[in-house]
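Tertiary structure, described
Okay, here's what each chain looks like letter by letter:
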Amino acid sequence: MDWTLIIENSLKGLVGINAVYFAVAAIGMNVQYGYTGLLNFGQAGFMACGAYGLGMTAHYFHIPMWWGIPLGVLFSVLLGLLMGIPTLRLRADYLAIVTIAAAEIIRLVVRSVRFKAYFGGSDGINNFSETFRKVGTDLGIRQSAEYGFWPFRFTGRELWTLTIGWCVVALFGFIVYQLMKSPWGRVLKAIREDEDAVRSLGKNVYSYKMQSLILGGVIGTFSGMIFALDRGSVQPDNYSRDVTFYILTALVLGGVAKVSGSIIGPMLFWGLFTFVDNFMRQIAENPIRIGNFMILQSTQIGQLNYMLIGLALILLMVFRPQGLVGNRKEMAFDGR
Amino acid sequence: MGAERVCSESAKRARAALETCDRVPGSTKPDPILVAEAVRREFGGLVAVDVAHLEVQRGSITALIGPNGAGKTTLFNLVTSFDTPNTGTWVFDGRSMEKVPSHRTAAMGMVRTFQLTKSLTKLSVIENMRLGATGQVGEKWWNGLFGARWRSQEADITERAEALLARFNLSHMRDEYAGALSGGQRKLLEMARALMIEPTLVMLDEPMAGVNPALKQNLNDHIRDLRDQGMTVLFVEHDMDMVHDISDWVIVMAEGRIIAEGTPDDISRNPAVIDAYLGAHQGRSLLEEEA
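Let me sum up the structure you'll find in this document.

Thresholds applied
Residues numbered from 1 in each chain as written. Chains lettered and ligands numbered in written order. Predicted model: local features only at pLDDT ≥ 70, side-chain atom pairs only at ≥ 80, totals over all residues. Helix = DSSP H or I, 4+ residues; strand = E, 2+ residues; numbered from the N terminus. Rg over C-alpha atoms; globule rule 2.2 N^0.38 Å. Buried ≥ 20, exposed ≤ 12 C-beta atoms within 10 Å, placed from the backbone. Contact = placed C-beta atoms within 7 Å. Core = buried A, V, L, I, M, F, W, Y, C linked by C-beta atoms within 7 Å. Pairing = 2+ DSSP bridges. Nonpolar A, V, L, I, M, F, W, Y, C, P; charged D, E, K, R; others polar.

Okay, the overall build of chain B next. Scanning chain B from terminus to terminus reveals 12 helices and 10 strands. The C-alpha radius of gyration of chain B comes to 19 Å, within 12% of the 19 Å expected for a compact globule of 291 residues. Reported as C-alpha extents along the three principal axes, the dimensions of chain B are approximately 60 × 40 × 40 Å. The buried share among the 291 residues of chain B stands at 47%. Pairs at least 24 residues apart make up 70% of the contacts formed inside chain B by residues separated by at least 6 positions.

Right, dumping it as structure tokens:
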């Protein structure tokens, strides 16, 4: 068993690109769920807005890639309005239903044959990220060279995406932290506790909920952009329901209503995921046999890993519902 | 005990003005702060509220009493736009309010509390208080990002909040979560928080429910204080002793309608009220009757 490799990969998983795009999306979901109490199960839809905003610049609009950023933000603002206008006046559960449906609609529309000219169908879009890579090369980062030190050794290509990615995490982490300390954030937290009370004190609850939904969605959009730039392609099936739920899991793991939780959660999620995955792969190389029965086959590792994640989440909810950095004292007043 | 108290000038004037009013349902007041006209709310076949005319005298403490299901809380909800009536118009402080959404009524100076206390449990007591202040610059997200834009206003708000907390004996709980307060303290906090918006009309929905006798006396004094500072108080209450003790005027509702109005003494002698509300058990505590 090669422990060095397992540990190296796990540590790289902590800071890798998966952790980055999860963290950005989780910061957004934290604004909605953690601070405002809005159950947005359609974060993948907002991420798709960002990814397709970038992709469509090359595939359909034939304009420089950078226009994809405002385009993606515009898409997600529109999506936020579309989901929020009919549902934010209703109880929270309705928003959950509508958001999960809206995200699925987006995925099915962009992968449909009918709209292939706009979104590239199920093949997705592949030819838009050169501009982004070129900035990195111009700054002197060689795409295929290796940088860093053990265990954090990355190719230039990875390093460039990671640098930009962590900058985005830091930027949004800072923005959300500042906002939640402000009176604006106070209104959001109060809405999470009791919206009627907030209304009776003269705040336009509907407008604040809309702002929260859109802010969280726009942050999620940037997560989709980072993911698309890293892969160099936009695939519709990368934005399905399960992505939203893994991000939510990672957020809960870290602890809701804390900016640090929404960053640490995704890091640990991917650190653990990589660790378990690598560990099981090492076992599968020299499978333990009991008679004719093989304990673990390499084809089973993926599924088993997700089962273990589910189990971990259940245990977490039972024994540490506030997450890793959450506030135990706050949880005590949750008996509503 | 109300009579021995030194009242402010405005409170005396309100009381004198009310002396001259007719003791009939829907009687007109010399200087009403709130006037409702033909307000009707139906839930399916049930007529919850059907108020032909209602006026609340400025600067007075007006009690709204009636048996359970009389429509008192529904009337509160309608007047503060938390619910929409089927028909009806109402005017607050000279402004027509039918089209005004609930969050704006507060900014206009009409604030309400709830029968089931709504303290924001995971916010600290002081944050609960700060939330009440209206017109906060930092409540716009683009200002919220820049502390310099709202810090000075926040300091003023905090100062005002601390003064109110001191008045309501909550200073020692300043940094605790509101969820850590007792039921009675939550009532106090809710009232103090409502005062942060500097209202002219304070509407209290059962302020005494679930409050122990010692704290009740305390709350009574606070409500009188509000009037003495020039605010108008309209409150729903079942505790008849308290109603008799502090109110200047009493409005009685039953089955959605106003059935009687008058000073507390008139009301306790009014046969219609005795029939509808006090029943045959007049003179005994209502709590015993319900039990």
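Attention now moves to the nonpolar core. Among the nonpolar cores identified, the biggest contains 169 residues, and A:Phe22, A:Ala23, A:Val24, A:Ala51, A:Ile247 and B:Ala192 are the most heavily contacted of them. In terms of residue count, helix 2 (residues 17-35) of chain A provides more of this core than any other element does, 14 residues in total. Beyond its immediate sequence surroundings of up to four residues, A:Phe22 is in contact with A:Ile247, A:Ala250, A:Pro266, A:Phe269 and A:Trp270.

Our focus in this paragraph is the sheet that holds strand 2 (residues 46-57) of chain B. Read across the open sheet, the 4 strands follow the order 2-1-4-5 (chain B); overall the sheet is antiparallel. Edge positions in the sheet fall to strand 2 and strand 5 (95-96) of chain B, since each has one partner strand and no second.

Time to look at the interface of chain A and chain B. Taken residue by residue, the interface counts 26 residues in chain A and 30 residues in chain B. Among the elements of the structure, helix 8 (156-181), helix 9 (183-193), helix 10 (195-200), helix 11 (205-231) and helix 15 (328-332) of chain A are those that each provide at least two residues to the side of chain A that touches chain B. Counting residues per element, the side of chain A that touches chain B draws most heavily on helix 9 of chain A, at 8 residues. Across the side of chain A that touches chain B, the residue classes break down as 10 nonpolar, 7 polar and 9 charged.

Here the focus is unusual backbone geometry. Cis rather than trans, the peptide bond between A:Trp150 and A:Pro151 has omega equal to 0°. With respect to the secondary-structure elements, A:Pro151 resides in the loop between strand 1 (146-149) and strand 2 (152-155). The phi torsion at B:Ser81 lies on the positive side, around 65°, for a residue other than glycine. With respect to the helices and strands, the residue B:Ser81 is situated in the loop between helix 2 (72-79) and strand 4 (87-92). The class for B:Ser81 is buried, based on 21 C-beta atoms found within 10 Å. We note that B:Glu198 has phi near 55°; this positive angle belongs to a residue other than glycine. Counting through the fold element by element, B:Glu198 comes out in the loop between helix 7 (183-195) and strand 7 (201-205).

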